[in-house]
Every structure is written in structure tokens, then in C-alpha cells.
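Below are the chains, spelled out letter by letter.
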Amino acid sequence: MKKYDRINAYLPDELITEILRRLDAKSPRDACSLVCKRWLRLERLSRTTLRIGASGNPDLFVNILSRRFCNATRIFVDERLSIALPAPPGRRRSRGQSPISSLKIKCTSTSNCSDDGQLETYCLSDAGLAYVGEGFKKLERLSLIWCSNVSSTGFISLAEKCRSLKCLDLQGCYVGDPGIAAVGGCCKQLEEINLRFCEGLSDTGLIELAKGCSKSLKVIGIAACTKITDVSLDAVGSHCQNLEILSLDSEFIHNEGVLAVARGCPVLKVLKLQCVNVTDEALQSVGSSCPSLEQLALYSFQKFTDKSLQAIGKGCKKLKDLTLSDCFFLSDKGLESVATGCTELTHIEVNGCHNIGTNGLESIGKSCKQLLELALLYCQRIGNQALVEVGHGCKFLQALHLVDCSSIGDAAICAIAKGCRNLKKLHIRRCYEIGNKGIVAVGHNCEYLSDLSLRFCDRVGDEGLIAVGEGCPLEYLNVSGCHRVGDDAIIAVARGCPDLKYLDVSVLQYLGDMAMAELGDGCPQLKEVVLSHCHEITNVGLSYLVSKCTLLEICHMVYCPGITSEGVATVVSGCANIKKILVEKGKVSERTKRRAGSVISYLCVDL
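Description of the structure in this document. This structure is a prediction, so every number in the text was calculated from the model and none was measured.

1. Overview of the overall build of the chain
1) Next: The number of helices and strands found in the chain is 23 helices and 21 strands.
2) Next: The proportion of buried residues among the 607 residues of the chain is 53%.
3) Next: Contacts in the chain between residues at least 24 apart in sequence constitute 75% of all its contacts with a sequence separation of at least 6.
4) Next: When the accessible surface of the chain is totalled, it reaches about 27,200 Å², and 50% of it is carbon and sulfur.

Spelled out as C-alpha cells, the structure:
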């Protein structure tokens with residue numbers, strides 16, 4: 001019946017709360033909270049995740065949130081992000097009034113106020129951490145990214161009150177040893193901790209953490225902590241027998257530290273190392289002592305050789321993910337050892353290892369039948385035969401990344417296209433021997449390809465893209481710098497790929513308004529388009545594109561002489577969902593600035 005409430009009269013709080021919990025996205029939860037005061041109260045009680053950016057007074061902001069969302073278990077604070085303060089309860093924000101000005105804050109210290117009475121922006125402090133501890137008793141996951149104003153005092157208070165904490169991310173926080181020691185002493189359920197760029201931390205704090213959380217700690221991340229040495233890792237190896245993931249970036253760590261972890265943490269599954277002073281001895285110990293290792297990433301190693309990979313291949317039979325980046329003394333022999341010993345490999349990245357060539361990759365194709373993703377970056381010595389072998393042996397390959405591989409050409413891409421018919425992602429950049437023949441083969445054979453990037457592959461033209469448009473259900477396409485690509489290619493993509501969401505056609509000198517019109521008609525799902533340095537596109541084509549692609553969120557149109565201030569205004573007025581426009585400052589009128597200044601970015605600014 002009209003004006004009769006059939007929901008609130010019958011549904012108990014518990015049922016409405018359960019419904020709200022099942023709404024993962026923020027927008028529908030916000031919509032539900034506007035139904036009535038009861039739903040607003042229940043939505044606040046049921047919300048478990050809060051994301052907070054930089055604000056005018058972050059301590060006060062956190063205090064407000066702790067009163068409204070007391071059951072939150074996961075809080076993410078990132079002071080690199082800008083976010084507005086909420087309006088005070090019981091008052092409506094006047095139209096045109098900024099969110100931050102609508103919250104009146106009484107300044108108790110002149111140091112927090114500027115001469116004109118406006119509140120200055122500053123960082124979350126120990127007082128804010130105290131509010132977190134007092135207000136979020138059920139907190140399990142806390143992330144503080146670049147909150148440089150918090151100290152050990154705040155963490156001591158937090159640790160004493162949030163004893164259920166399981167995950168702590170302190171990237172960029174200047175926390176000292178007493179704070180980390182307090183976490184180790186109070187948070188006995190802590191499983192993950194990220195200490196990247198925590199410059200105030202030393203061995204003392206990490207040792208106390210390892211002792212206090214010895215039974216629960218599973219994940220540790222350390223980078224650029226100059227006071228952390230092998231002594232800390234020796235404590236981790238001695239106490240944290242359940243450690244599964246270690247990410248370590250330090251020039252102060254030597255063999256002793258890695259040896260201690262390898263020997264003391266038998267269930268280690270993920271090891272990421274960027275330690276220039278570690279040698280073969282440490283990696284050989286990993287191979288012999290960590291049979292459960294599934295992921296290994298080695299960056300910028302200059303003191304170990306193929307002996308390390310031979311030990312990994314012999315002992316780590318469960319290895320699935322291998323990354324080798326700038327490891328100058330590795331050769332085909334080492335990669336062959338891993339390929340033949342670790343046949344369950346699914347992801348491989350070789351980046352800048354100049355002594356690894358065709359023979360090493362051939363062994364991958366012959367032995368690693370379960371390979372799903374392969375990335376070859378700056379590998380000048382790897383030739384066509386390597387990918388021919390991968391095409392023959394790795395039938396399940398879904399993603400291939402090639403960057404600056406000057407010896408790989410059409411023969412390799414044809415072999416991949418014909419042999420790896422499950423390919424979904426193909427990213428190629430500056431591989432100048434790849435042309436239309438290889439891309440035509442992709443279009444004819446890879447019916448699941450949805451993500452294609454051919455950046456600065458100047459031998460690829462319309463013929464290749466037409467085949468892809470006719471044969472692949474693309475959602476992502478980047479042909480930036482492929483100067484032979486013109487209207488015919490993009491028209492074919494527009495007609496054959498109705499689900500296209502991202503398109504980068506920058507630096508295409510022969511692309512014009514006809515292609516824009518076809519994109520408007522054929523790709524209604526388009527959300528992001530990059531048109532920069534396209535000299536033939538004008539306001540006419542842009543207007544047609546905008547009128548049809550109503551979901552457009554991001555548009556880059558720098559250095560397009562045919563697009564004027566009228567074109568920019570058209571994008572602003574025609575795209576209700578627009579979030580970012582990149583354009584020259586001189587093409588933005590005062591009216592457009594007033595209307596959408598917050599979404600407009602400029603490539604060049606006045607000096």
C-alpha cells in the first residue's frame with residue numbers, strides 16, 4: 001500500500017546488516033545508507049574497510065571516522081592521496097562550498113594556522129594513531145603509507161590497544177625501534193609487516209619483533225633500511241620458522257643473513273632479493289634448504305653465477321615464478337638448469353641479463369609445459385628460434401611481453417600465434433623486426449586475445465591491425481608510435497571490437513576524424529583514449545567520439561593542432577563520467593576551468 005513501510009517493519013537489524021555486508025562495492029553501500037537513519041546506522045556498523053588520504057586535519061578526521069565506523073577491521077591511510085574532510089553531522093553543505101571548509105576546526109596552536117586563518121595541511125601524527133587504537137578495537141589490518149609524522153610513541157599506544165592486528169604496512173614511516181618492539185610485544189597474531197623505507201629502524205627493533213611474533217609472522221618486507229644488517233636476519237631465521245615471504249632490498253645484507261633465513265625458515269615460499277653483496281653461497285643454501293620455494297626474484301646481482309641457478313633447479317622443484325633482472329653473470333647454462341629442474345614454472349621474466357640467449361629460452365619451451373606468462377625485456381641475444389620452441393611446447397601460454405628484443409621478428413610471433421592459441425595478452429615495444437606478417441598471424445589464430453600493445457613497432461601497419469580487429473575481442477589496444485597505422489586499421493578495430501575500453505593511438509600522423517566517428521559508433525564501452533600528437537584529428541571527430549562514448553573517463557589530447565578550446569569544452573560538457581583531461585594550458589578557456597578545473601591536467605606549466 002502507498003506510504004506503508006514493508007521493509008523496516010519486518011526486517012530485523014541482523015538481516016539488513018548481512019545484506020549490507022554482501023555489497024562489496026562502495027557506491028551501493030553509500031546509496032543504501034541514504035534510505036533512512038536506521039540504514040545509515042547499520043551501514044556504518046557493518047563497514048569493515050576504510051581508505052583515508054591526506055586531509056586538512058588527519059588526526060581529527062580519523063577521530064570522526066572512529067566514532068562512525070567502530071567495527072572497521074581494515075584501515076588504509078595513504079598521505080600521497082588527496083581527500084576531502086566530511087561535512088559535520090546534522091548540517092548540509094551549501095552548494096559550491098568545499099568539503100574541507102564546511103568542517104569548522106578550532107585551532108589550539110598558532111603553528112597549525114596560517115596568517116589568513118586557514119588551516120594548513122599536515123600529516124597524521126601520534127595523536128591520530130591514538131584515535132585509531134581507541135576507536136577501532138577490532139582492527140586487523142593497518143596500512144600507513146608515507147605517514148612521516150608518526151613515531152614510536154604512537155605505535156606503542158596503538159600496539160597496546162590493537163592486539164588483534166594481523167597485517168601492518170609502514171612504508172615510508174619514520175618509526176623507531178621502541179615502536180616496532182612494542183608491536184612485537186603486544187600483537188602476537190601479527191602475520192605480515194612491511195618496513196620498506198623505514199629509515200629510523202635498526203637491528204634492535206627487528207630482533208624484538210622477530211622474538212615477539214615468532215609463531216605468527218609469515219611475511220616481512222624490508223628496503224632502504226640502512227641500520228638493518230645480517231644480525232636482524234639471523235634473529236628472523238632463529239625465531240620465525242613459519243616465515244613464508246621475504247622481500248629484501250639492501251646493500252648492507254651479506255651471505256650470513258640470507259643463509260640464516262634459508263636454514264631457519266623451511267616453509268619459505270617467496271624470496272625477493274636485491275642485495276648486491278650476496279654471492280653464490282647464499283643462493284646455493286636456498287636451493288638446498290627451501291624445497292617449498294614457489295617464487296624467486298633476483299634483482300641487480302653481480303656476485304653470483306650459474307652455480308646459484310643450478311642449486312635452485314636441483315632443490316626447488318615447486319618453483320612456479322622466476323624473475324631475473326640485471327643479473328650479468330647468468331648464462332644459458334643457469335637458465336637451462338632451472339628449466340629442466342623446475343618443470344612447474346608458470347611465470348618467467350628475464351630482464352637485462354645480457355648473457356642469456358636463444359639456447360636458454362629454448363630449454364624453457366622444451367621443459368616448462370605449464371608456462372602461462374613470459375616476459376623478455378632488453379634481451380638482445382634471444383632470437384626467433386627461442387620463441388619458436390616456446391610456441392611448440394607451451395600450449396597454455398596466456399601472456400607474452402617483449403621489450404627491445406632486436407633479434408625477434410615475424411617468425412617468432414607466427415610460431416607463438418599458431419602454437420599458443422590461448423594467448424590473451426601480447427605486449428611488444430620497440431621490436432623493430434616484427435611487422436604485419438606476425439600480427440596477421442595473431443589475428444587469425446588468437447581468438448581470445450583481449451589485450452594488445454604494439455608501442456613503436458614501426459613495421460606494423462594497417463594490414464596487421466585489420467586482421468586483429470576481425471579476429472580478436474580486444475578490450476585494450478595501444479599502437480602508440482606505429483606510424484604506419486591509419487584510419488583503415490582503427491576502423492576495423494572499431495567494427496570488430498565492441499568491448500574496447502582503452503585505446504592509445506598517440507603519435508599516429510595519418511589518423512583522422514573518420515576513425516573517431518567509427519570508434520564512436522562501434523565502441524560504446526570506451527573509457528580511456530589517448531590521442532596526443534595526432535595532427536589530423538579535429539574538433540569534429542572528437543565531438544562525434546564524445547557524443548557516442550558516454551562512459552569516457554580519461555582523455556589525453558596534447559599537441560593535437562586540430563583540437564582547440566572548443567574541443568576541450570565539448571569533452572567537459574559531453575562526458576558525465578570524465579575524471580581526467582590532459583591538454584595544453586592555452587586550450588582551456590576560463591569557463592571550462594570554472595566548470596571542470598579539478599579534472600584538467602596540463603603537460604606544460606608557466607615558468
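2. Considering a positive patch on the surface
1) Next: A grouping of Lys 218, Lys 269, Lys 318 and Lys 320 is seen on the molecular surface, where their side chains present a positively charged patch.
2) Next: By secondary structure assignment, the location of Lys 320 is in the loop between α12 (306–315) and β10 (321–325).

3. Examining helix α6 (residues 152–161)
1) Next: Restricting attention to buried positions, one finds in α6 the residues Ser 152, Gly 154, Phe 155, Ser 157, Leu 158 and Ala 159.
2) Next: Structurally, α6 contributes buried residues whose contacts are with α5 (126–135), β3 (141–145) and α7 (177–186).

4. Here's the deal with the environment of Arg 430
1) Next: Here Arg 430 is to be found in the loop between β14 (425–429) and α17 (436–445).
2) Next: Between the alpha carbons of Arg 430 and Asp 458 there is a distance of 8.0 Å; along the sequence they are 28 residues apart.
3) Next: Ignoring sequence-local partners within four residues, the contact set of Arg 430 consists of Tyr 378, Val 403, Asp 404, Cys 405, Arg 455, Phe 456 and Cys 457.

5. Some points on the packing of aromatic side chains
1) Next: Enumeration according to the criterion identifies 3 aromatic pairs in this entry.
2) Next: Consider the rings of Phe 301 and Phe 304, whose centres lie 4.8 Å apart with planes at 65°: the pair is edge-to-face. You'll find Phe 301 and Phe 304 in the same group, each marked buried.
3) Next: Directly above the aromatic system of Phe 76 lies the positively charged group of Arg 51, at a separation of 4.4 Å from the ring centroid.
4) Next: Positioned over the ring face of Tyr 602 is Lys 585, at 5.9 Å from the centre of the ring.

6. A short note on the pattern of salt bridges
1) Next: One pass over the structure, following the stated rule, counts 8 salt bridges.
2) Next: Here Glu 518 and Arg 495 are joined by a salt bridge, their closest N and O atoms 3.0 Å apart. Linking Glu 518 in helix α20 (residues 513–522) with Arg 495 in helix α19 (residues 487–496), this pair joins segments that are 23 residues apart in sequence.
3) Next: Among the residues examined, Glu 518 registers a relative accessible area of 17% and is labelled buried.
4) Next: On the basis of relative accessibility, which here comes to 61%, the residue Arg 495 falls in the exposed class.

7. Examining the pairing of strand β5 (residues 192–196)
1) Next: The pairing of strand β4 (residues 167–169) with β5 spans 3 bridges and is classified as parallel. Across the sheet, residue Cys 167 finds its bridge partner in β5, namely Glu 192.
2) Next: Handedness of the crossover joining β4 and β5 through α7 is recorded here as right-handed.

8. Notes on unusual backbone geometry
1) Next: Even without being glycine, Trp 146 reaches a positive phi, approximately 55°.
2) Next: You can see Trp 146 is positioned in the loop between β3 and α6.
3) Next: A relative accessible area of 34% places Trp 146 in the partly exposed class.
4) Next: The phi angle at Asp 404 is positive, at roughly 50°, despite the residue not being glycine.

9. A word on the side chain of Asp 203
1) Next: Structurally, Asp 203 can be placed in helix α8 (residues 203–212).
2) Next: Buried charged residue Asp 203 carries no salt bridge. Nearest counter-charge: Lys 227, at 11 Å.
3) Next: Excluding residues within four positions of it along the chain, Asp 203 makes contact with Lys 227, Ile 228, Thr 229, Val 231 and Ser 232.

10. What about the side chain of Ser 125?
1) Next: Note on placement: Ser 125 falls in the loop between β2 (74–82) and α5.
2) Next: Every residue in contact with Ser 125, bar those within four places of it in the chain, is listed here: Asp 59, Asn 149 and Val 150.

Definitions and cut-offs
Residues numbered from 1 in each chain as written. Predicted model: local features only at pLDDT ≥ 70, side-chain atom pairs only at ≥ 80, totals over all residues. Heavy atoms only, no water. Helix = DSSP H or I, 4+ residues; strand = E, 2+ residues; numbered from the N terminus. Buried < 20%, exposed > 50% of the residue type's maximum accessible area, 1.4 Å probe, protein only. Contact = heavy atoms within 4.5 Å. Areas by Shrake-Rupley, 256 points an atom, 1.4 Å probe, with all protein chains shown as cover. Patch = residues over 30% accessible without salt bridge, like charges linked within 9 Å, V, L, I, M, F, W, Y side chains within 5 Å. Salt bridge = Lys/Arg side-chain N within 4 Å of Asp/Glu carboxyl O. Lys, Arg positive; Asp, Glu negative; His and termini not counted. Charge placed at Lys NZ, Arg CZ, Asp CG, Glu CD. Phe/Tyr/Trp six-rings, centres within 6.5 Å; stacked < 30°, edge-to-face > 60°. Lys NZ or Arg CZ within 6 Å of the ring centre and 35° of its normal. Pairing = 2+ DSSP bridges. Right-handed = clockwise from strand over helix to strand, strands pointing away.

These values are about where atoms sit, not about what they do.
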